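Single-letter residue listing:
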Amino acid sequence: MAENYAIEMLGITKRFPGIIANDNITLRLRHGEIHALLGENGAGKSTLMSVLFGLYQAEEGTIRKDGKEVKINNPNDANDLGIGMVHQHFKLVQCFTVLDNIILGVETTNHGFLEKKKAREKVMALSEKYGLMVDPDAKIEDITVGMQQRTEILKMLYRDNEILIFDEPTAVLTPQEITELMQIMRNLAAEGKSILFISHKLNEIMEVADRCSVLRRGKYIGTVDIADTTKEELSRMMVGRDVQLVVEKKDAEPGNVVLEVENMTVASRVHRNNAVKNVSFKVREGEIVCIAGIDGNGQTELVYGLSGLEPLVSGKILLEGQDISRAPIRTRSKDMGHIPEDRHKHGLVLDYSLEYNLVLQRYFEPEFVSGAGFLKKKNIRKYAEKLIDEYDVRSGQGPITIARSMSGGNQQKAIIGRELDRKPKCLIAVQPTRGLDVGAIENIHAQLIKQRDAGCAILLVSLELEEVMDVSDRILVMYEGEIVGELDPKKTTPEELGLYMSGAKREEVHA
């Protein structure tokens, strides 16, 4: 007798211009299992899940639920079939309460009036049952990212979804929140829910999944039982070669101070308080200083202040002894590289070609422009081809690919190539490996360490604990706009770091 699967995706093919995102992929999800979906950037994981959730339509292939073929034209069809999805970027209304977000679209009304009492009872019962303690009356804009994620999970449970898709669910969580999420997923599976879990993080897959299916470049590579595999084996399936999972680096040999920040205060765009409050630190040549913290504690505004995207309320920024606190952005970017947090907003001009994006900060140099002001297109093409090759930027049409059509991971590689190739004296790298796979992360960490060893002063801003611990030479923890601790990655633990990040611990020196 054939096994009755909760979901079967059979021979799914999805094409976009110049690329087959899913090439004849088959995926089977059993009842009550946690099934991980692993693959490089642009391997087609999110596309496949978007097909299952009705956001995309596949050109070929069929989907079955409990053995019966189903047609999913949009997310409402998916919901009707009991399929729910927590997206990588949450779909929540910021000014609504937790409760309003959960019932949005499936409200019970009586003569046109909202009936929230029953809804509240159901939400509280669900939150109790699965250990998802949330405050139903808190506004989304006031709660932590971890709580927002719980709201998304409750949204699925409130709709009685049986098949739950988690797309990169741990990208923005602290270690404590990740541990809690893993437990919640186990509870859900124990209740008979079937979970699809997209992730790049091998540790998490090993810890929580029952089986794992691997995609590479749009093709299905295979499915393995987690009990019978290793991280090394999974990364080999995913990238097609052996991957260094540990960052190899010699001890830093810091030289002169390159970047010095004195009593810097930056206003918040969102509320009346200042987002960065009287922060001071130094970064020397040949070292990587990491700003760690939970998202939303002033890191973004700190970087905006340093790079010139936001004016300072007070304080000073010195680059190699020169005061650049009020300097224009082009002056700063001569010696300062910036890998921005939001690659779409500040990293690329999405409707330009890849080659033009790669010379955004250099097009006015004699190598790329004639005395009469005309661009030297041959030189730009040659330079772009060199960077594409060096940083393994994959795209449908090479240098002439429009940036918007590339996968997020490849957009990121293009920005990193462009910034590092300028050999800046100081590099501000914000979330440089966000959303990248192990192969690309290995490459970028190696590039950062190579820059450090060549004498660059690097300020790394990261929410990834492993990255903070492995790559940095010193860690500064930011909480509510202040630096609350300075830690040595060799002497601290992820748990201690988590306590500083959540504000449970602080050093009096910095307080």
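Here the structure is shown first, and the text comes after it.
As a starting point, this report considers the structure included with it. On a predicted model such as this, the values are computed, not experimentally measured, just so you know. (Residues numbered from 1 in each chain as written. Predicted model: local features only at pLDDT ≥ 70, side-chain atom pairs only at ≥ 80, totals over all residues. Heavy atoms only, no water.)

**Points about the overall build of the protein chain**
Reasoning step 1: Broken down by element type, the protein chain carries 17 helices and 22 strands.
Reasoning step 2: When its C-alpha atoms are laid out on the principal axes, the protein chain stretches across 70 × 55 × 50 Å.
Reasoning step 3: With 66 positive and 77 negative side-chain charges, the protein chain shows a spacing of 5 Å between the two charge centroids. (Helix = DSSP H or I, 4+ residues; strand = E, 2+ residues; numbered from the N terminus. Lys, Arg positive; Asp, Glu negative; His and termini not counted. Charge placed at Lys NZ, Arg CZ, Asp CG, Glu CD.)

**Some points on the environment of L99**
Reasoning step 1: Looking at where L99 falls in the secondary structure, it is placed in helix α3 (residues 98–103).
Reasoning step 2: When the C-alpha atoms of L99 and D135 are compared, they prove to be 8.3 Å apart, with 36 residues separating the residues in sequence.
Reasoning step 3: If sequence neighbours within four positions are ignored, L99 has contacts with K116, A119, R120, V123 and P136. (Contact = heavy atoms within 4.5 Å.)

**Brief notes about the packing of helix α5 (residues 145–158) against helix α6 (residues 175–190)**
Working note: a packed helix pair is described by the angle between its axes plus the distance between those axes.
Reasoning step 1: Where α5 contacts α6, the axes come no closer than 11 Å and their chain directions differ by 10°. Accordingly, the angle class assigned to the pair α5 and α6 is roughly parallel. Of the residues in α6, those touching α5 at G146, Q149, R150, I153 and L157 are E177, E180, L181, I184 and L188.
Reasoning step 2: Residues that form the contact of α5 with α6 fall into these classes: five nonpolar, two polar and three charged. (Axes fitted to C-alpha atoms, helices over the stretch in contact; angles between N-to-C directions. Parallel < 35°, antiparallel > 145°, perpendicular 65-115°, else oblique. Nonpolar A, V, L, I, M, F, W, Y, C, P; charged D, E, K, R; others polar.)

**Topic: the packing of aromatic side chains**
Reasoning step 1: All chains considered together, the criterion is met by four aromatic pairs.
Reasoning step 2: Between Y352 and Y356, the aromatic rings sit 6.5 Å apart at their centres with planes inclined by 80°, giving edge-to-face as the arrangement.
Reasoning step 3: Classification of Y356 as partly exposed rests on a relative accessible area of 26%.
Reasoning step 4: Both rings, one in F368 and one in Y383, keep their centres 5.2 Å apart while their planes meet at 55°; by these two values the pair is tilted. In this pair, F368 is assigned in the loop between α12 (354–358) and α13 (377–390) and Y383 in helix α13, connecting sequence segments 15 residues apart. In terms of burial, F368 and Y383 fall into one category: buried.
Reasoning step 5: The cationic tip of K122 hangs over the ring face of Y158; the distance from NZ or CZ to the ring centre is 4.7 Å. (Phe/Tyr/Trp six-rings, centres within 6.5 Å; stacked < 30°, edge-to-face > 60°. Buried < 20%, exposed > 50% of the residue type's maximum accessible area, 1.4 Å probe, protein only. Lys NZ or Arg CZ within 6 Å of the ring centre and 35° of its normal.)

**A few points about the packing of α13 against helix α14 (residues 408–421)**
Reasoning step 1: For the pair α13 and α14, interaxial distance at closest approach is 10 Å and the crossing angle is 115°. Judged by the inter-axis angle, α13 sits roughly perpendicular to α14. Between α13 and α14 lies a crossing whose hand is right-handed. From α13, Y383, K386, L387 and E390 reach across to α14, where they touch G417, R418 and D421.
Reasoning step 2: Here the contact of α13 with α14 is built from residues that sort into two nonpolar, one polar and four charged. (Left-handed = near helix turned anticlockwise from the far one by under 90°.)

**Observations concerning the sheet that holds strand β14 (residues 274–284)**
Reasoning step 1: Strand order in the open sheet formed by four strands is β14-β13-β16-β17, with antiparallel pairing between adjacent strands. Pairing within the sheet leaves two strands with one partner each, and these edge strands are β14 and β17 (322–323).
Reasoning step 2: Packed on one face of the sheet, helix α9 (residues 299–307) meets β13 (257–267), β14 and β16 (314–319) and runs near 120° to β13. (Pairing = 2+ DSSP bridges.)

**As for the sheet that holds strand β4 (residues 60–65)**
Reasoning step 1: Reading across the sheet, the four strands line up as β2-β1-β4-β5 and stay open at both edges, with antiparallel pairing between neighbours. Each edge of the open sheet is held by one strand with a lone partner, namely β2 (19–29) and β5 (68–70). Across this sheet, the average inter-strand angle for adjacent strands is 30°, counted without regard to direction.
Reasoning step 2: Bridging between β4 and β5 involves three bridges; their strand directions are antiparallel.

**Side note on the pairing of strand β12 (residues 219–225)**
Reasoning step 1: As paired strands, strand β11 (residues 211–216) and β12 are joined by six bridges and run antiparallel to one another. Bridge pairing in β12 links R216 to K219.
Reasoning step 2: Between β11 and β12, which pair antiparallel in sequence order, lie two residues; one of them, R217, sits at a positive phi of approximately 50°.

**Quick word on the state of the cysteines**
Reasoning step 1: The full count for this structure, using the stated rule, is zero disulfides.
Reasoning step 2: Lacking any disulfide linkage, C290 is separated from the closest cysteine sulfur, that of C426, by 14 Å.
Reasoning step 3: Looking at C426, it has no disulfide partner, and the nearest cysteine sulfur is the one in C456, 6.5 Å off.
Reasoning step 4: A relative accessible area of 0% places C426 in the buried class. (Disulfide = S-S within 2.5 Å.)

**With respect to the environment of K118**
Reasoning step 1: Residue placement: K118 occurs in helix α4 (residues 116–129).
Reasoning step 2: Along the primary structure K118 and E480 are separated by 362 residues, whereas in three dimensions their C-alpha atoms are 37 Å apart.

**Focus on the nonpolar core**
If you look at soluble globular proteins, the nonpolar side chains tend to sit buried side by side.
Reasoning step 1: Grouped together as the largest cluster of nonpolar side chains are 47 residues, with contacts concentrated most on I153, F166, L188, F197, I205, C212 and L234.
Reasoning step 2: Broken down by element, the residue count for this core peaks at seven residues, all from α6.
Reasoning step 3: Listed in part, the 44 residues of the second largest apolar core include I380, A384, V477 and M501. (Core = buried A, V, L, I, M, F, W, Y, C linked by side-chain atoms within 4.5 Å.)

**As for unusual backbone geometry**
Reasoning step 1: Even without being glycine, H111 reaches a positive phi, approximately 50°.
Reasoning step 2: Summarising the element assignment, H111 is placed in the loop between β7 (109–110) and β8 (113–114).
Reasoning step 3: For H111, a relative accessible area of 76% puts it in the exposed group.
Reasoning step 4: Phi at Q431 is positive, roughly 50°, even though this residue is not glycine.
Reasoning step 5: In this structure, Q431 sits in the loop between β19 (426–430) and α15 (438–453).
Reasoning step 6: Looking at Q431, the relative accessible area reads 5%, which means it is buried.

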